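# Survey of secondary and tertiary structure
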Amino acid sequence: MRGAGLVTGLKRATSSLAQPTRARICPEKALLKASFSTTTARRAAESEFEPFEAAAPINFEDDDETPKLLQRVRVVPASPSYFTAKPSFIDDILELKAVLRKYETLPQIEPIHAPRVAWKSLAEYKNKADEPIKIAQWRKLQKVLQRLNYIHPTIMPEEAKQVMEKYKRAINPYDRQPSPKALDEMGRGMGVGRRKTCSAVAWVVEGEGEVLINGKTLTETFKRIHDRESALWALKATQRLDKYNVWALIRGGGTTGQAEALTLAIARALMVHEPALKPALRRAGCVTRDPRKVERKKPGHIKARKMPTWVKR
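Anyway, here's the lowdown on the structure attached to this text. (Residues numbered from 1 in each chain as written. Predicted model: local features only at pLDDT ≥ 70, side-chain atom pairs only at ≥ 80, totals over all residues. Heavy atoms only, no water.)

### What about the packing of helix H4 (residues 87-103) against helix H6 (residues 135-149)?
Definition in use: Each axis is a line fitted through C-alpha atoms, and for a helix only the stretch in contact is used; angles between axes span 0 to 180 degrees, taken between their N-to-C directions. In DSSP terms, a helix is any run of H or I states spanning at least four residues, a strand is any run of E spanning at least two, and both are numbered starting from the N terminus. Note on terminology: angles under 35 degrees are roughly parallel, angles over 145 are roughly antiparallel, angles of 65 to 115 are roughly perpendicular, and the others are oblique. Less than a right angle of anticlockwise turn of the near helix away from the far helix marks a crossing as left-handed, whereas a clockwise turn marks it as right-handed. Working rule for contacts: check all heavy atoms of both residues, and any pair within 4.5 Å makes them a contact. The classification used treats Ala, Val, Leu, Ile, Met, Phe, Trp, Tyr, Cys and Pro as nonpolar, Asp, Glu, Lys and Arg as charged, and all other residues, Gly among them, as polar.
Where H4 contacts H6, the two axes come as close as 10 Å, and the packing angle between them is 25°. In terms of their interaxial angle, H4 and H6 are classed as roughly parallel. In the packing of H4 onto H6, the handedness of the crossing is left-handed. Counting all contacts with H4, which are made through Phe89, Asp92, Ile93, Leu96, Lys97, Val99 and Leu100, the residues of H6 involved are Gln137, Lys140, Leu141, Val144, Leu145, Arg147 and Leu148. A breakdown of the residues in the contact of H4 with H6 according to their chemical character gives nine nonpolar, one polar and four charged.

Put into structure tokens, the structure is as follows:
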């Protein structure tokens, strides 16, 4: 029985291999395929007999009835960088670089002798451009402006002047010059000096070298020789000790601060008489105010920073 069943199973398997299998097709897909083929065939048949016409020619002429086709179809941006992230900045930097390439071969002057110009700040340029400009980009633009500014002023092209004018401030602070001081009706030059918490006012007049400070002589006001020399250092450095008389008023501070404040006051009053002495007084250190102040003593310290020896560190 087992042998007969085995033979029957083998016959069925061999017969199934000999006959080809039929794929099952979905009726919806078959219907869609038939309709598609029918429509395609119909359109192909109709195209063989149905006539067609070409499009009308494009009219590029500007008539009263027909406007320009190109203007009606597409609006051309005013800037070639319109579709960039920062069109205003890119237009500005390209314009400056184009002007620089045009005039970069002109003679230049040294940067120290170039006219000082106050350019617009980053915030002002941002408000004008209405774009998020970074500080690095603004410095890049300023670098090109500075290079244009180094062109010799006598041969500066008008085009470069007009381009740089857009980036200058409305008021240039470097053009402001202090009003020149003059002698009063008595022939005196006045100067004001400050140091630490002390302030001094000095009047310098031509004389024999007399000095009065708060109604006292120089020796009565300053006991130390170093303070006396410091007070009259402006006259000593310019060799004018015996040519001018000094009358001064001092308020506040200690002896060292009073002497150094008086040095600055006498130097400024001396420049009213002789403005040409400014370079010599600057080299002597009499023109610029010293802004330093003494650091105050801290509680528990011997001095401002020195700790007591018995404190464990």
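### Section: the nonpolar core
Selection rule: Joining through side-chain atoms within 4.5 Å is the link that ties buried Ala, Val, Leu, Ile, Met, Phe, Trp, Tyr and Cys residues into a set, and such a set is a nonpolar core. Relative accessibility under 20% of the residue-type maximum defines a buried residue, over 50% an exposed one, and the middle range a partly exposed one, all with a 1.4 Å probe and only protein chains included.
One finds Ile213, Phe222, Leu262, Ile266 and Leu281 to be the most contacted residues of the largest nonpolar core, which totals 29 residues. With nine residues, the top contributor of residues to this core is helix H11 (residues 255-273). In contact with leucine 281, other than residues within four places in its own chain, are Ala234, Thr238, Ala267, Met271, Cys286 and Val287. The next biggest cluster of nonpolar side chains, apart from the first, holds 23 residues, and it includes Phe89, Val117, Val163 and Met164.

### Here's the deal with the pairing of strand E2 (residues 198-206)
Taken residue by residue, a regular strand's side chains alternate between the two faces of the sheet. For the record, the criterion: Strand pairing is assigned whenever DSSP identifies at least 2 bridges connecting the two strands.
As paired elements, strand E1 (residues 189-195) and E2 share seven bridges and run antiparallel to each other. Among the inter-strand pairings, arginine 194 is bridged to a residue of E2, identified as serine 199. The loop that links E1 with its antiparallel partner E2 comprises two residues; one of these, lysine 196, has a positive phi angle of about 55°. In this sheet, strand E4 (residues 244-251) lies alongside E2 in antiparallel orientation, the contact comprising eight bridges. Its bridge partner being in E4, tryptophan 203 is matched across the sheet by tryptophan 247.

### Some words on helix H7 (residues 158-165)
Worth spelling out the cut-off: This arc describes the spread of directions from the helix axis toward the C-beta atoms.
Three or more residues of H7 are buried, namely Ala160, Val163 and Met164. The buried residues of H7 all sit within an arc of 95° when viewed along its axis, so they share a single face. Structural note: H7 exposes Glu158, Gln162 and Glu165 on the side pointing more than 90 degrees away from its buried face. On its buried face, H7 is in contact with H4 and H6.

### Quick word on the sheet that holds E2
Read from one edge of the open sheet, four strands run E1-E2-E4-E3, paired in mixed fashion. In the strand order of this sheet, the two ends are held by E1 and strand E3 (211-213), each with one partner. Strand-to-strand twist across the sheet, computed as the mean angle between neighbouring axes with direction ignored, equals 15°. Examined bridge by bridge, E3 and E4 share three bridges and lie parallel to one another. Directly across from valine 211, in E4, lies its bridge partner valine 246. Lying on the sheet, H11 is in contact with E1, E2, E3 and E4; it crosses E1 at an angle near 150°.

### Some details on the packing of aromatic side chains
Operational definition: Here is the rule: rings of Phe, Tyr and Trp (six-membered ring for Trp) pair when centre to centre is within 6.5 Å. Planes less than 30 degrees apart are stacked, more than 60 are edge-to-face, and the remainder are tilted.
A full pass over the atoms with the stated rule returns four aromatic pairs. Here the aromatic rings of tyrosine 82 and phenylalanine 83 are separated by 5.1 Å at their centres, their planes lie at 85°, and the arrangement is edge-to-face. Ring geometry for tyrosine 125 against tyrosine 167: centres 6.4 Å apart, planes inclined by 35°, an arrangement best described as tilted. Pair noted here: tyrosine 125 is in helix H5 (residues 122-129) and tyrosine 167 is in the loop between H7 and E1, with a separation of 42 residues, a long-range link. Given the relative accessible area of 1%, tyrosine 125 is considered buried. Feature note: the residues Tyr125, Trp138 and Tyr167 constitute an aromatic cluster, connected by ring pairs.

### Section: the layout of surface pockets
Using the following cut-off: Site definitions follow a grid-based scheme: protein atoms alone, a 1 Å grid, a 1.4 Å probe that fits but cannot get out for cavities, and for pockets an open set with protein on both sides within 12 Å along at least five of seven lines, plus lining residues having an atom within 4 Å of a point. Grid points are joined across faces, edges and corners, and a volume is the space filled by probe spheres set on the points.
Estimates place the volume of the largest pocket at around 380 Å³. Taken together, Pro178, Ser179, Pro180, Lys181, Arg268, Met271, Val272, Pro275, Lys278 and Val287 form the lining of the largest pocket. Ranked by the residues each element gives to the lining of the largest pocket, the list is headed by H11, at three residues. Classifying every residue of the lining of the largest pocket by side-chain character gives six nonpolar, one polar and three charged.

### Some words on the environment of glutamate 260
Looking at the secondary structure, you find glutamate 260 in helix H11. Separated by 30 residues in sequence, glutamate 260 and aspartate 290 place their C-alpha atoms 8.8 Å apart. Once residues lying within four places of it in the same chain are set aside, the contact partners of glutamate 260 are Arg195 and Ser230.

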